[in-house]
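Given next are the chains, with one letter for each unit.
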Amino acid sequence: DAKTTQPPSMDCAEGRAANLPCNHSTISGNEYVYWYRQIHSQGPQYIIHGLKNNETNEMASLIITEDRKSSTLILPHATLRDTAVYYCIVRVREYGNKLVFGAGTILRVKS
Amino acid sequence: KAGVTQTPRYLIKTRGQQVTLSCSPISGHRSVSWYQQTPGQGLQFLFEYFSETQRNKGNFPGRFSGRQFSNSRSEMNVSTLELGDSALYLCASSLYQGTDTQYFGPGTRLTVL
């Protein structure tokens, strides 16, 4: 079972920041938080990951709370092409490379 | 660098047949994982290969098998196809085992009639 909880869906206005929350209250100290997104019927696209500190790359920012029990993915200026299912995943290291996907959040960016 | 490639992209088979799907990882990546995605079950882990050895396996019947070649390319095989095997099959590659980031291919859409 997935170790994360995400809202089923969210809407965002084009050009505004999209803030996608994720709860992972049982995360272990050595587990990373990964974010992927999947645009309809395509393969999941890696976005960003982090352990403790906030991270930023060209796609997004990841804010992890100090207790690591939750995180937020921020798309700073959402576009229509950001409409997708966003998956927050806690990496279960003892199982090697396995990713456990939950249902994710459907983000709809509207003009 | 080229991304993960999967062939074929679309496939139609009938019940009872078998199918082989192919995955070429990103150049230099040595680990390949396979996932099945269906509307009912979502994305589920099938198995992972590293250095031509299966390192991890999900909860799927023995009809699902795979292998990895010395150049890290991987194939998965499904024998005695069932209607429920209709799905998007995704391959992901990473540098090594462990916590390296996995990068996914576009998938193979399998339809079983």
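All of these numbers come straight from a predicted model, not from anything done at the bench.

A.B. asks: Is there a simple way to think about the interface of chain A and chain B in this case?
C.D. replies: Across the boundary between the two partners, chain A contributes 18 residues, which contact 23 residues of chain B. At the junction of chain A with chain B, the criterion picks out 5 residue pairs in polar contact (both at pLDDT 80 or more). Going through the elements one at a time, strand 3 (33-38) and strand 4 (45-50) of chain A are the ones with two or more residues in the side of chain A that touches chain B. When grouped by side-chain class, the residues that make up the side of chain A that touches chain B number 8 nonpolar, 7 polar and 3 charged.

A.B. asks: What should I look at first to understand the state of the cysteines in this one?
C.D. replies: All chains considered together, the criterion is met by 2 disulfides over all chains. The side chain of C22(A) participates in a disulfide bridge whose partner is C88(A); the two sulfur atoms lie 2.1 Å from each other. The S-S bond linking C22(A) to C88(A) shows a torsion near -80 degrees; that makes this disulfide left-handed. With C22(A) in strand 2 (residues 18-23) and C88(A) in strand 8 (residues 84-90), this residue pair connects regions lying 66 residues apart in the sequence. A relative accessible area of 2% places C22(A) in the buried class. Residue C88(A) is classed as buried on the basis of its relative accessible area of 0%. Here C23(B) connects covalently by a disulfide to C91(B), the sulfurs 1.7 Å from one another. Disulfide C23(B) to C91(B): torsion about the S-S bond roughly -50 degrees, handedness left-handed. Of this pair, C23(B) sits in strand 3 (residues 19-24) while C91(B) sits in strand 9 (residues 87-94); the two residues are 68 residues apart in sequence, bridging distant segments of the chain. There is no split in this pair, since C23(B) and C91(B) are both buried. Of the cysteine sulfurs around C12(A), a residue in no disulfide, the closest is that of C22(A), at 18 Å.

A.B. asks: Got a minute to help me understand the sheet that holds strand 8 (residues 74-78) of chain B in this structure?
C.D. replies: Picture the strands of a sheet paired through backbone hydrogen bonds; they go either parallel or antiparallel. Residues and elements named next belong to chain B. Judged by pairing direction, the sheet is antiparallel, and its 4 strands sit side by side in the order 1-3-8-7 without closing on themselves. Of all strands in the sheet, those with a lone pairing partner are strand 1 (5-7) and strand 7 (64-68), marking the two edges. Neighbour-to-neighbour, the strand axes of this sheet turn through a mean angle of 20 degrees, independent of strand direction. Judged from the 5 bridges that link them, strand 3 and strand 8 form a sheet pairing that is antiparallel. Across the sheet, the residue bridging to C23 is S74, located in strand 8.

A.B. asks: Just to check I follow, could you spell out the layout of surface pockets for this structure?
C.D. replies: One simple way to see leftover space: roll a probe sized like a water molecule over the atoms. What the largest pocket holds in volume is close to 390 Å³. Lining the largest pocket are 20 residues, and of these L43(B), Q44(B), F45(B), N59(B) and F60(B) sit closest to its centre. With 3 residues, strand 5 (residues 42-50) of chain B is the single largest residue contributor to the lining of the largest pocket. Looking at the lining of the largest pocket residue by residue, the classes come out as 9 nonpolar, 6 polar and 5 charged. Counted as a void, the second largest pocket has a volume near 310 Å³. Along the wall of the second largest pocket there are 15 residues; nearest its centre are Q38(A), H40(A), S41(A), Y87(A) and Q37(B). Put simply, the parts of the chain that give the lining of the second largest pocket at least two residues each are strand 8 of chain A together with strand 4 (31-38) and strand 5 of chain B. A breakdown of the residues in the lining of the second largest pocket according to their chemical character gives 7 nonpolar, 7 polar and 1 charged.

A.B. asks: Is there a simple way to think about the packing of aromatic side chains in this case?
C.D. replies: Two aromatic rings, taken as a pair, are described by how far apart their centres are and by the angle between their planes. Per the counting criterion, the structure on display carries 14 aromatic pairs over all chains. Ring centres of F101(A) and Y35(B) lie 5.9 Å apart, and the angle between their planes is 85 degrees; on these two criteria the pair is classed as edge-to-face. Here F101(A) is found in the loop between strand 8 and strand 9 (105-110), whereas its partner Y35(B) is found in strand 4 on a different chain. With a relative accessible area of 9%, F101(A) lands in the buried category. The class for Y35(B) is buried, based on a relative accessible area of 0%. Measuring from ring centre to ring centre gives 6.5 Å for F50(B) and Y96(B), while their planes differ by 70 degrees; the resulting arrangement is edge-to-face. Of this pair, F50(B) sits in strand 5 while Y96(B) is found in the loop between strand 9 and strand 10 (103-104), placing the two residues 46 residues apart along the sequence.

Quick notes on the rules
- Residues numbered from 1 in each chain as written.
- Chains lettered and ligands numbered in written order.
- Predicted model: local features only at pLDDT ≥ 70, side-chain atom pairs only at ≥ 80, totals over all residues.
- Heavy atoms only, no water.
- Contact = heavy atoms within 4.5 Å.
- Polar contact = N/O pair within 3.5 Å; in protein donor to acceptor, adjacent residues only side chain to side chain.
- Helix = DSSP H or I, 4+ residues; strand = E, 2+ residues; numbered from the N terminus.
- Nonpolar A, V, L, I, M, F, W, Y, C, P; charged D, E, K, R; others polar.
- Disulfide = S-S within 2.5 Å.
- Buried < 20%, exposed > 50% of the residue type's maximum accessible area, 1.4 Å probe, protein only.
- Pairing = 2+ DSSP bridges.
- Axes fitted to C-alpha atoms, helices over the stretch in contact; angles between N-to-C directions.
- 1 Å grid on protein atoms, 1.4 Å probe; cavity = no way out; pocket = protein on both sides within 12 Å on 5 of 7 lines; lining within 4 Å.
- Points joined across faces, edges and corners; volume = space filled by probe spheres on them.
- Phe/Tyr/Trp six-rings, centres within 6.5 Å; stacked < 30°, edge-to-face > 60°.

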